[in-house]
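Residue-level listing of the chains:
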Amino acid sequence: MIEKSWTLDANRFFDPDPAQRRAARALYDSVAGLPLVCPHGHVDPRLFSDPDYQFGSPSELLIIPDHYVTRMLYSQGIPMEALGVPRLDGGAVETDHRKIWQVFADNFQLFRGTPSGVWLATELVELFGVREKLNGDTAQAIYDQIAACLAQPEFRPRALFDRFNIEVLCTTDAATDTLEHHQAIRASGWHGVVRPTFRPDAVVNLDAAGWRANIDRLSEVSGVDVVSYSTFIEALQQRRDFFKEMGATATDHASVTAFAAHLTDAEAKALFARALTGDATAYDARRFTAHMLMEMARMSIDDGLVMQLHVGSVRNHNEVIYTRFGPDKGCDIPQSSDFVHGLHSLLGAFGNDPRLTLILFTLDETTYARELAPLAGHYPALRLGPPWWFHDSLNGIARYLDQVTETAGLQNMSGFNDDTRAYPSIPARHDLWRRTCANWVAGLQVRGVVDEEDAQAMIFDLAYGLAKRAYRLV
Amino acid sequence: MIEKSWTLDANRFFDPDPAQRRAARALYDSVAGLPLVCPHGHVDPRLFSDPDYQFGSPSELLIIPDHYVTRMLYSQGIPMEALGVPRLDGGAVETDHRKIWQVFADNFQLFRGTPSGVWLATELVELFGVREKLNGDTAQAIYDQIAACLAQPEFRPRALFDRFNIEVLCTTDAATDTLEHHQAIRASGWHGVVRPTFRPDAVVNLDAAGWRANIDRLSEVSGVDVVSYSTFIEALQQRRDFFKEMGATATDHASVTAFAAHLTDAEAKALFARALTGDATAYDARRFTAHMLMEMARMSIDDGLVMQLHVGSVRNHNEVIYTRFGPDKGCDIPQSSDFVHGLHSLLGAFGNDPRLTLILFTLDETTYARELAPLAGHYPALRLGPPWWFHDSLNGIARYLDQVTETAGLQNMSGFNDDTRAYPSIPARHDLWRRTCANWVAGLQVRGVVDEEDAQAMIFDLAYGLAKRAYRLV
Amino acid sequence: MIEKSWTLDANRFFDPDPAQRRAARALYDSVAGLPLVCPHGHVDPRLFSDPDYQFGSPSELLIIPDHYVTRMLYSQGIPMEALGVPRLDGGAVETDHRKIWQVFADNFQLFRGTPSGVWLATELVELFGVREKLNGDTAQAIYDQIAACLAQPEFRPRALFDRFNIEVLCTTDAATDTLEHHQAIRASGWHGVVRPTFRPDAVVNLDAAGWRANIDRLSEVSGVDVVSYSTFIEALQQRRDFFKEMGATATDHASVTAFAAHLTDAEAKALFARALTGDATAYDARRFTAHMLMEMARMSIDDGLVMQLHVGSVRNHNEVIYTRFGPDKGCDIPQSSDFVHGLHSLLGAFGNDPRLTLILFTLDETTYARELAPLAGHYPALRLGPPWWFHDSLNGIARYLDQVTETAGLQNMSGFNDDTRAYPSIPARHDLWRRTCANWVAGLQVRGVVDEEDAQAMIFDLAYGLAKRAYRLV
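Residues numbered from 1 in each chain as written. Chains lettered and ligands numbered in written order. Predicted model: local features only at pLDDT ≥ 70, side-chain atom pairs only at ≥ 80, totals over all residues.

Student: Give me the lowdown on the sheet that holds strand 4 (residues 194–195) of chain B, citing residues and values where you can.
Tutor: All names here are of chain B. The strand order across the open sheet formed by three strands is 1-2-4, and the pairing between neighbours is parallel. Strands at the two margins of the open sheet, each flanked by one partner only, are strand 1 (36–38) and strand 4. The pairing of strand 2 (residues 166–170) with strand 4 spans two bridges and is parallel. The partner of C170 across the bridge, within strand 4, is R195. (Pairing = 2+ DSSP bridges. Helix = DSSP H or I, 4+ residues; strand = E, 2+ residues; numbered from the N terminus.)

Set out below in structure tokens:
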């Protein structure tokens, strides 16, 4: 039997029209070699603090921790246990990583036409040199091939950092994190640039799991005894200063809605006191989150940290899975969002201040043209984050560019972020973005909307320049 | 005067780019001959119970009962009466079917670029062999030609069933229906497969017209005296069993919103008792519909009937027309929907159970990428119905595939259903779907997102496989 | 240094596929020479009442009054003062128009891929004969070139009216306007057709700035002493009659939501009395606006004025800018809209009356396919306005046509309106519409959805016929 070789189309994601394809190819070629700027993501910094860090099995690397992958398999009736996802109660799950890989390969067709499918194929072919298409028959040979790669020093995270041509990689870290891995990276003298990002959700959202314990931890790491609203703010400022000292240029905030509004000082104090004694209500929690977004914007104006706001994910929609396996298991579902009224107070207070950069992320694409582009096309403080999560895809990127650019212009965007836990997928994600953007700009060029000079400037900014400028990484 | 011949472009609905067109054509050719699977629609089963059933005039067949057609003519100021639509009060309407046809033909240009226009053209050319474009001048000759066809035995419904190459056709039937026509079809020994579908809206929605009489009818046909909530449930179970015995594989439910939530047993009993005495409020009706969706999901897990849920149509928006002509007259207007919160309880209770298949239909396209694809890409019980009603169109199908596939994948879809009362339009509707899907898959192929092998598997599933599997017709 | 010549692609905005491009070009060529019908816009009639009206400097013409331009520059941190936008408090702003032009030119790249960028480029090249691309280096030479043009009689508004080939231009005028400039135009014997449009928002919306003074002014100009609800209605009818006498064929209404509902006569009287004494609440204002939409529809049935309704703009979202510079400064942000429930009462009362034409405009594109197309595809009184404001763009027009036509058909649309204050941009805006429509119709043609004859009829209607018919300008 003759095996066809598994290859990636050199012109993948480009329009089939020869004129547009030619233009897209030229634009892509001009940026394909640029370093990767990764201003927002969830890679674990310990991959870089230990120079000898080694990945586990192919299943540990590519399946078990990746909720994009496990949720799709689960949607077709494959139990999470069969995929080796650990149960909170310690109940039995599959431990044979070859079996897990086999289930994945048997069902790889589920990912046809999905960004996960594209990223995985790109990783297998380009990173691990796989030459046969992944399916039930080729599963075990490919497992062996990946495992052999992972055993080599060239596949350690620091080596891949260079191979991936990463210029800077920002992690996302709890406000209470001591950043010991970032400290170790610095201390090691390694040349790679890895920066932390300040994410205070777990202490700011009163309904976060373990909030009270998180506050104790905050006291501990900040050296500020958090016994009141004012000491809370003081502790947060201490952490922001520490993060900034450690290289952070940004903060990150997640909220179900875009609602931001000041409490009076008296309200904030009383509410926080109730929270400390365990008496805060769900309504208190919502109002406090809204208030703290105002506070964080105010602090950003002072300390210059870029503020990211991720809006609209209903976390842990499937309580059965959440109870059994915990958060981040593919059960987070978007809801519709309202930025126009939600952010009215915050933008009124801080939106005209060019010292603030507030980068907005949405899971509700209907807000692109209706709300976000008009807002970002007016308020100096606003920038729009790239298409997020489900929308970081071929069609999602095209919809974003089509719906945002005409009103906001490119300079009110913030380029790309891969937003990933899956370190080996980073080049595949940036490549999909760069190709899709090149094709989109080429579409403007062959339609005479922009000329070649403009097209060239636009693809450079989309691929590289915007992210650096928006995140103050220059 | 030389008449141009009216023909259909052999490559219609395919992208003009030669590479994509070639790929689309090859994919389409590979599925064009597959039998039609029609798992959801509104064809009257009496078309098949009487082997000698004959259609009426061309206007009776193609205009008067088709609210897609009459509402467009009405929107341009043509009275419903002029189209022969019967008035509830028995008032005079046009009875000369040639005149009705003439009005339709005079205004056929209104349907340019609409799916109705495409379906009608396809029927006229492919089914009735019309060779001149329909307009005011050609109206009467074409009327004659269609009438002559309809007089022939080849145009009786059973003959067309074979000509259309229908593998299975599912009707939609009230819970109180005795399915006598289905019984007659079976008894006749005819080879065509026609299955009923259990639709209990008229007894489940307390605000349905004639609800109290419907309950009496339910008692009668089920043999269960419905005097309480528990006997109501018992009667429904009897009907589900009967439908299943008669070949049903699915139920169907319509609801203005996606809201589903359990009542306590005591609440359900008290509420139903109020309804029986005519004391239920509008709020009761909403809560009872929400509760019964839970019950229906529970029963589906027991008896294996696939559950369909059609959400978001505000019925009879135009009360003037409703009062004069009754329901289903083109006055149903979509509203926005929220599946994320609406279905939270139902999915929590039953969404993880692979014995359930719940197929969701929306009229709010904003839910495709934001809610439905993430939900279907996670919960094992969920499948997404094809683009429904207004969205069953060239652009509607493309938007659906573009917005759903990347997150949910094809295997969480349920193929196509024609959803039509207009029996002769069935091949045209399936052909539009198959061509549009072929073009869409070809788009992935020429952009290097999937290879030829994957493309072939995808078009087969879209055209045939998914519908059979989702509706358990295999 | 060799300067490249700045030219516009003769096939701009057409698909790159050769077949579609050829078809688009042929369709465009067939309508490019048709006169411009401008049924809705904000050009100042005094441009035409004074035969010798001269525009000011290039910056006064193209930058300072154009909030599409200033808001984009402001969004990137350029103060409004630096653009010469007058402050309400009379504070200092830049008065050197060459400096303002330089800032604009230095930042012209912000408009890449935006409709403002396209319009401006078209104006500079086609109207002013600019041959070098605008940037910081070429700024002053281009300023000189435009200034030289503006000094010539060929660039006076009446001369441009002919050069632009405008068949009719409708302005938008307050209900209290005496239309003295329209009177002067008529008295002058000039051949240009300029019609007023009746816009009563400032007297109908109780929360309009200066409402009480506006009512006094209404009394004065109408000759009806407005001391009660009934005299208010009487005065409005007087103004409608006057506007109609002066050539108006339409009214225009702006509302944050689409909500319309009758008050009882007693409620209307009491509420209006409260408003006169300054005692109306915000809730009163909302209900009164809703009521007056009903009244305006009723009056339109009587007097035949076409009713326009612009829904969904949250005006003056940025209170800092509003307070400093006043309204119409690029701070108006769209919100989501609900036409299905909002217009239910109005359509029930008047929607079936073909004497009414109600043209709806939305800033919420999600309503196109979900609500507006189904409503317009049913109610005889409804027509849909073209894509409005942010959505009057290449992608916005394509989305509109794709999402509306399949359900509503072209005949339920109302063609194009440029909706502009920027008189010299009118040809560029119509040209963008005509090219984009030609390309869209060509897309249907090369996909075999419509034939050449239908395509030709469709582009004629889109470019010219629909606007004339919808606005009763025939």
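Student: Quick rundown of the domain arrangement of chain A? Include the residues and the values.
Tutor: All names here are of chain A. Considered domain by domain, chain A is made up of domain 1 (18–54 + 153–470) and domain 2 (55–152). A separation of 28 Å is found between the C-alpha centroids of domain 1 and domain 2. Facing the 22 residues of domain 1 at the interface are 21 residues of domain 2. Elements with a minimum of two residues in the side of domain 1 that touches domain 2: helix 15 (319–325) and helix 20 (426–446). The greatest single-element share of the side of domain 1 that touches domain 2, amounting to four residues, is contributed by helix 20. In terms of residue class, the side of domain 1 that touches domain 2 is made up of nine nonpolar, five polar and eight charged. (Domains from an automatic or database assignment. Contact = placed C-beta atoms within 7 Å. Nonpolar A, V, L, I, M, F, W, Y, C, P; charged D, E, K, R; others polar.)

Student: Which residues make up the nonpolar core, and what values do they have?
Tutor: In terms of nonpolar packing, the biggest core is built from 439 residues, with L360, V441 and I459 of chain A, V441 and I459 of chain B together with V441 and I459 of chain C touching the most fellow members. Not counting chain neighbours up to four residues away, the residues in contact with V441 of chain A comprise L27, A455, M458 and I459 of chain A. (Core = buried A, V, L, I, M, F, W, Y, C linked by C-beta atoms within 7 Å. Buried ≥ 20, exposed ≤ 12 C-beta atoms within 10 Å, placed from the backbone.)

Student: Give a detailed account of helix 5 (residues 97–106) of chain C, specifying residues and quantitative values.
Tutor: Regarding helix 5 of chain C, the residues found buried are I100, W101, V103, F104 and A105 of chain C. On the buried face of helix 5 of chain C, the contacting elements are helix 3 (58–62), helix 4 (67–75) and helix 7 (139–150) of chain C.

Student: Please give an account of the relation of the copies chain A and chain C that cites residues and values.
Tutor: Each copy of the sequence occupies a distinct position, and chain A is placed on chain C by a rotation of 120° and an axial shift of 0.0 Å, giving an RMSD of 0.0 Å. Taken together, these values place the two copies in the relation of a three-fold axis. No C-alpha of chain A lies nearer the rotation axis than that of D17 of chain A, which sits 3.5 Å from it. Mapped onto chain C, only 5% of the interface residues of chain A are again interface residues, and the two copies thus contact each other with different surfaces. (Least-squares fit on C-alpha atoms with pLDDT ≥ 70 in both.)

Student: I'd like to hear about helix 11 (residues 211–222) of chain B, residue by residue, with values.
Tutor: Residues and elements named next belong to chain B. When the terminal C-alpha atoms of helix 11 are compared, their 16 Å separation across twelve residues agrees well with the 16 Å that a helix rising 1.5 Å per residue should span. For helix 11, the complete set of buried residues consists of N214, I215, L218 and S222. Buried residues of helix 11, seen end-on, are gathered within an arc of 105° and therefore sit on one face of the element. Packing partners of the buried residues in helix 11 comprise helix 10 (201–204) and helix 12 (229–245). With its phi angle positive at about 75°, G223 sits one or two positions after the end of helix 11. (Expected span 1.5 Å × (residues − 1). Arc of directions from axis to C-beta.)

Student: Mind laying out the interface of chain A and chain C, listing which residues take part and the relevant values?
Tutor: With 40 residues of chain A in contact, the opposing surface of chain C contributes 43 residues. Where the side of chain A that touches chain C is concerned, the elements lending two or more residues are helix 1 (18–31), helix 17 (344–350), helix 18 (366–376), helix 19 (394–408), helix 20 and helix 21 (452–470) of chain A. For the side of chain A that touches chain C, the element with the most residues is helix 18 of chain A, which contributes eight residues. Among the residues making up the side of chain A that touches chain C, the classes are represented as 18 nonpolar, 15 polar and seven charged.

Student: Provide a residue-level description of the sheet that holds strand 4 (residues 194–195) of chain A, including the pertinent values.
Tutor: Spatially, 1-2-4 (chain A) is the arrangement adopted by the three strands of the open sheet, whose pairing is parallel. Unpaired on one side and paired on the other, strand 1 (36–38) and strand 4 of chain A mark the two borders of the sheet.

Student: Go over the relation of the copies chain C and chain B, please, and point to the residues and values.
Tutor: Screw-axis analysis of chain C against chain B gives a translation of 0.0 Å along the axis, an RMSD of 0.0 Å, and a rotation angle of 120°. A low fraction, 5%, of the interface residues of chain C reappear at the interface in chain B, so the copies pair through non-equivalent surfaces.

Student: Tell me what's going on with the interface of chain C and chain B, and back it up with residues and numbers.
Tutor: Facing 40 residues of chain C, the contacting portion of chain B comprises 43 residues. Sorting the residues of the side of chain C that touches chain B by element identifies helix 1 (18–31), helix 17 (344–350), helix 18 (366–376), helix 19 (394–408), helix 20 (426–446) and helix 21 (452–470) of chain C as the ones contributing at least two each. Of all the elements, helix 18 of chain C adds the most residues to the side of chain C that touches chain B, at eight residues.

Student: Describe the pairing of strand 6 (residues 250–255) of chain B, listing the residues and the values that go with them.
Tutor: All names here are of chain B. Among the six residues that make up strand 6, five are buried, leaving the element largely enclosed by the rest of the structure. Where strand 6 lies against strand 7 (residues 306–311), six bridges are found, and the strand directions are parallel. What sits directly across from H253, in strand 7, is L309.

Student: Lay out the pairing of strand 10 (residues 358–362) of chain A in plain terms, naming residues and giving numbers.
Tutor: All names here are of chain A. Burial analysis of strand 10 places five of its five residues in the buried class, which makes it a mostly covered element. Alternating positions in strand 10 separate into two faces, L358, L360 and T362 on one and I359 and F361 on the other, with burial throughout. Two elements, strand 7 (residues 306–311) and strand 10, share five bridges in a ladder whose sense is parallel. Bridged to M307 within strand 10 is L358. Direction of pairing for strand 10 relative to strand 11 (residues 382–384): parallel, over a ladder of three bridges. Bridge pairing links I359 to R383 in strand 11.

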